[in-house]
Amino acid sequence: MNITFALAGNQNCGKTTLFNQLTGSRQHVGNFPGVTVERKEGDILGHEGAHVVDLPGIYSISPYTAEEVVTRDYLLSDEPQGIINIIDVTNIERNLYLTLQMIELRKPMVLALNMMGELLSSGGSVDVEGLSRELGVPVIAIDALSGDGVHDLVDKAIETVQNDIRPQKVDFCSGPVHRALHSVVHIIEDHARQHNVPLRFAASKLVEGDGPMAELLDLHEADMEVINYIVEDMEKTLGIDREAALADMRYTFIENVCQKTVKHPGETKEQRRSWKIDRVLTHKVYGIPIFLGIMLLVFWITFGLVGPVLSGAFEGLIDSTIGLIDMGLTRAAVSPWLHSLIIDGACAGIGSVLSFLPTIVVLFFCLSILEDSGYMARVAFVMDRLLRTIGLSGRSFVPMLIGFGCSVPAIMATRTLPGERDRKMTILLIPFMSCSAKLPIYTVICQAFFPKYKPLVMLGLYVTGILVGVLIGFMLKSSLFRGRPAPFVLELPAYRMPSPKSSFFLMWEKAKDFLVKAFTVIFMASIVIWLLQNLDFGFNMVSDTADSMLVAIGRRIAPVFKPLGFGRWECAAALMAGLGAKEAVVSTLSMLMGGEAAISTLFASNLQAVSFLVFTLLYMPCVAAMAAVKRELGGMGKAAGMMAFQTGVAWIVSFMVYTFGLALGF
Amino acid sequence: MTLDKLKIGENSVIDTVGGQGALRRRLLDMGLTPGTKVAMRKKAPMGDPVEIKLRGYELTLRLEDAEKITLRGEGK
């Protein structure tokens, strides 16, 4: 047996929970080719040769968002032999809307009814057999959280594919829509067969006015004209346009089916409970303070409470491992340069990045709870107004906020954002939120130059970062990202208990993601930086860093920073070292200057120090963040472009600060 | 009357759905079709977006988008 299933469904219907039940920890996460849409797949537990691909949560097979296009292309391809469609029965009408479109694909398909327990306990019910009869596909009731019924579901799904049981009916229409669909079916029959597209699906999409479908079928102009004529006729008879007509047809059919087979209490207990919770959480006055409080709590847990303890313990572990390697190398009498390369280069680089790992894991645990409980949608609801001005939606708020802790998890967290445009734009703006690793730089420089105004300067830096981010947002909105943002029409799902399993899998997945990065990109980068610091251009080891390539390059590029007021090579070298990890800016500076105290002699004026701080705030992020960007944007080229952009912005802003500062007499 | 004018606690029925492209399609896909009953539930702390209830679930959308949805008669 070798079967691949596509797992499809709306957002918030328990799809991820079901996926985790099906596959356990044997999951592989990647991207669909060419887009930043996540593709998760895995083998189904206990069924040798059965494989499942988790598709993005969507509401319709429309041609608009990247998620929808990917789903559609995948379902139309030959890869999945069967479809498992999971729906939330407490919200059955809207969930079935996607189901009807997938039935038209005429692939073997099974419908999984999730959250039956919730409906039953609230006095509702579903006539499972009746529903199956009305829709013409097998229907199985499951509980994704506890795993009840999942076994039956898989058996049924496999049976459907093996016996090639296809949906029994495809006619959900009546009246003028029915007539139009059937006329179109006749016209495109040959084309559909030729291009291997399900006939009925193609006809519905064409009547709906779906451009990509016409292209896919390679229809003649004359055919298109006839189709257009048919559809216009339908529109005239109905008095509504094509898109509304088809949506209406589907919903009318669904309402009929539900009337016959579903008893809905109107509002389940969970929905009533959610309404009560929301009276507090999205309250007019307390809503925002409560959100900020929750985020503060998340930050405190990650960066204040659990994070440091775990990080400390983890660092100890890393240090002792490095110690062991060190000892081994000494005993094996490896040549000093190789020894230093391994210990001071590779191990130190990976070690410093690995110490982030616990923080990232804890942070994603908190985030997954916020997401799974349904609170994240409320955050979008509460904060949307604020982000709309820069062309984003409330959904981007949390990732940006996390950016103040660390850009790496912040960038990783953008994956749940709907719409590729919003995702890319958010990634681009996150590094402007000053991350916690830059704090030591601010502290040391402020201490040396403006000990009295330290808090003020620090606050000023954070605000500058946000302001530049907003400004860039404005510019991007009207240039690079002029495209329409993802429509902000968002479901507010009922609050539910998060599944510990899902949180665990998410943590594990993010940790794995990060580890892969640490041992590939970051490993390479650490070695390169070590080589630069320890070799001269003849590739000889240097005893004094001042003779190294890093410093030589620093001297070479220092003039670039002259207009910004800090043309000293020490600054340039430190900024380069900062690409490994931002903390390294301070350590490199003190090493090159001969002690931290000597940093106070680095700049001739306070204005130069400010300019340097602004540049550090804004210039390209560290390699770990770069690796995250590469992963999420899906390409080194795009990541490199973003780094160049950021460094350019940093240069311009610092230049303005310095020039205006000079003009104002500072 | 348009959906954005519906007062909190009021119900009405959708008459037409305007807008265009991805937004309009999204509204229709989410079940905001002509003849659907909607209820205004609440406004976000900054006054926008709003939360509505339809087809047994809660949905949030922006006022500028709600303005494109007309209702049959007044809210009640």
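Residues numbered from 1 in each chain as written. Chains lettered and ligands numbered in written order. Predicted model: local features only at pLDDT ≥ 70, side-chain atom pairs only at ≥ 80, totals over all residues. Heavy atoms only, no water.

**A word on the overall build of chain A**
Turning to step 1, where the next piece is worked out: Counting its regular elements, chain A contains 29 helices and 10 strands.
Turning to step 2, where the next piece is worked out: Against the 2.2 N^0.38 benchmark of 26 Å for 666 residues, chain A shows a C-alpha radius of gyration of 29 Å, consistent with a compact globule.
Turning to step 3, where the next piece is worked out: In terms of principal-axis extent, the alpha carbons of chain A reach across some 85 × 60 × 55 Å.
Turning to step 4, where the next piece is worked out: Sequence-distant contacts in chain A: of pairs separated by 6 or more residues, those separated by 24 or more amount to 71%.
Turning to step 5, where the next piece is worked out: Put simply, chain A has 55 plus and 62 minus side-chain charges, and the middle of one group is 6 Å from the middle of the other. (Helix = DSSP H or I, 4+ residues; strand = E, 2+ residues; numbered from the N terminus. Rg over C-alpha atoms; globule rule 2.2 N^0.38 Å. Contact = heavy atoms within 4.5 Å. Lys, Arg positive; Asp, Glu negative; His and termini not counted. Charge placed at Lys NZ, Arg CZ, Asp CG, Glu CD.)

**What about the interface of chain B and chain A?**
In many analyses, interface size is given as the accessible surface area lost on bringing the parts together.
Turning to step 1, where the next piece is worked out: Across the contact, 34 residues belong to chain B and 48 residues belong to chain A.
Turning to step 2, where the next piece is worked out: Summing both partners gives a buried area of about 3,800 Å² for chain B against chain A, and 56% of it is carried by carbon and sulfur.
Turning to step 3, where the next piece is worked out: Counting the surface chain B buries against chain A, the share from its top three residues, B:Arg25, B:Pro45 and B:Arg62, is 19%.
Turning to step 4, where the next piece is worked out: Between chain B and chain A we count 10 salt bridges in total.
Turning to step 5, where the next piece is worked out: Residue B:Arg24 pairs with A:Asp241 through a salt bridge whose shortest N-O separation is 2.6 Å.
Turning to step 6, where the next piece is worked out: Our count for the contact surface shared by chain B and chain A stands at 19 residue pairs in polar contact (both at pLDDT 80 or more).
Turning to step 7, where the next piece is worked out: Broken down by secondary-structure element, the contributors of at least two residues to the side of chain B that touches chain A are helix H1 (21–29), strand E2 (37–43), strand E3 (50–54), strand E4 (57–61) and helix H2 (63–66) of chain B.
Turning to step 8, where the next piece is worked out: For the side of chain B that touches chain A, the leading source of residues is H1(B), giving 9 residues.
Turning to step 9, where the next piece is worked out: Considered class by class, the residues forming the side of chain B that touches chain A number 14 nonpolar, 5 polar and 15 charged. (Buried area = accessible area lost by both parts, 1.4 Å probe. Salt bridge = Lys/Arg side-chain N within 4 Å of Asp/Glu carboxyl O. Polar contact = N/O pair within 3.5 Å; in protein donor to acceptor, adjacent residues only side chain to side chain. Nonpolar A, V, L, I, M, F, W, Y, C, P; charged D, E, K, R; others polar.)

**Observations regarding the environment of A:Val657**
Residue and element names in this part refer to chain A.
Turning to step 1, where the next piece is worked out: On the secondary structure map, Val 657 appears in helix H29 (residues 636–663).
Turning to step 2, where the next piece is worked out: Placed 545 residues apart in sequence, Val 657 and Ala 112 show a C-alpha to C-alpha distance of 60 Å.
Turning to step 3, where the next piece is worked out: Each residue touching Val 657, except ones within four places of it in the same chain, is listed here: Leu 607, Val 610 and Val 614.

**A closer look at the pairing of strand E1 (residues 3–9) of chain A**
Residues and elements named next belong to chain A.
Turning to step 1, where the next piece is worked out: Counting buried residues in E1 gives 7 out of 7 residues, a clear majority hidden from the surface.
Turning to step 2, where the next piece is worked out: Relative to strand E4 (residues 50–54), E1 is paired through 5 bridges, and the arrangement is parallel. Bridged to Thr 4 within E4 is His 51.
Turning to step 3, where the next piece is worked out: By the bridge criterion, 5 bridges tie E1 to strand E5 (residues 82–88) in an arrangement that is parallel. Looking at E5, one finds that Phe 5 is bridged to Gly 82. (Buried < 20%, exposed > 50% of the residue type's maximum accessible area, 1.4 Å probe, protein only. Pairing = 2+ DSSP bridges.)

**Concerning the domain arrangement of chain A**
Turning to step 1, where the next piece is worked out: Here the domain parsing of chain A yields domain 1 (3–162), domain 2 (175–263) and domain 3 (267–666).
Turning to step 2, where the next piece is worked out: Taken over C-alpha atoms, the centre of domain 2 of chain A sits 49 Å from the centre of domain 3 of chain A. (Domains from an automatic or database assignment.)

**Topic: the sheet that holds strand E3 (residues 38–43) of chain A**
All names here are of chain A.
Turning to step 1, where the next piece is worked out: Sheet architecture is open: 7 strands sit in the order E2-E3-E4-E1-E5-E6-E8, paired in mixed fashion. Single-partner strands in this sheet number two, and they are strand E2 (27–31) and strand E8 (139–141). Across the sheet, the mean angle separating the axes of adjacent strands is 25° when strand polarity is ignored.
Turning to step 2, where the next piece is worked out: Where E5 lies against strand E6 (residues 109–114), 6 bridges are found, and the strand directions are parallel. Pairing of Ile 87 across the sheet is with Leu 113, part of E6. (Axes fitted to C-alpha atoms, helices over the stretch in contact; angles between N-to-C directions.)

**A word on the packing of helix H20 (residues 439–449) of chain A against helix H21 (residues 454–477) of chain A**
Residues and elements named next belong to chain A.
Turning to step 1, where the next piece is worked out: Contact pair H20 / H21: the axes reach a minimum separation of 10 Å and the direction vectors enclose 140°. One way to sum up the angle between H20 and H21 is to call them oblique. By crossing handedness, the relation of H20 to H21 is classed as right-handed. In this structure, H20 uses Leu 439, Tyr 442, Thr 443, Cys 446 and Gln 447 to contact H21, whose residues at the interface are Lys 454, Val 457, Met 458, Leu 461 and Tyr 462.
Turning to step 2, where the next piece is worked out: Along the lines of polarity and charge, the residues of the contact of H20 with H21 split into 7 nonpolar, 2 polar and 1 charged. (Parallel < 35°, antiparallel > 145°, perpendicular 65-115°, else oblique. Left-handed = near helix turned anticlockwise from the far one by under 90°.)

**Thoughts on the pattern of salt bridges**
Turning to step 1, where the next piece is worked out: A complete count under the given rule lists 41 salt bridges over all chains for this structure.
Turning to step 2, where the next piece is worked out: We note a salt bridge from A:Arg200 to A:Asp171, for which the minimum N-O separation is 2.9 Å. Here A:Arg200, found in helix H8 (residues 199–208), pairs with A:Asp171, found in the loop between helix H6 (150–162) and helix H7 (175–194); they are 29 residues apart in sequence, far enough to count as distant.
Turning to step 3, where the next piece is worked out: Residue class for A:Arg200 comes out buried when judged on its relative accessible area of 8%.
Turning to step 4, where the next piece is worked out: A:Asp171 sits in the partly exposed class, given a relative accessible area of 32%.
Turning to step 5, where the next piece is worked out: One salt bridge in this structure joins A:Glu243 and B:Arg24, with 3.7 Å as the shortest N-O distance. Here B:Arg24 lies in helix H1 and A:Glu243 lies in helix H11 (residues 242–261), a pairing that spans two chains. Considered together, A:Glu243 and B:Arg24 belong to a single accessibility category, that of buried residues.

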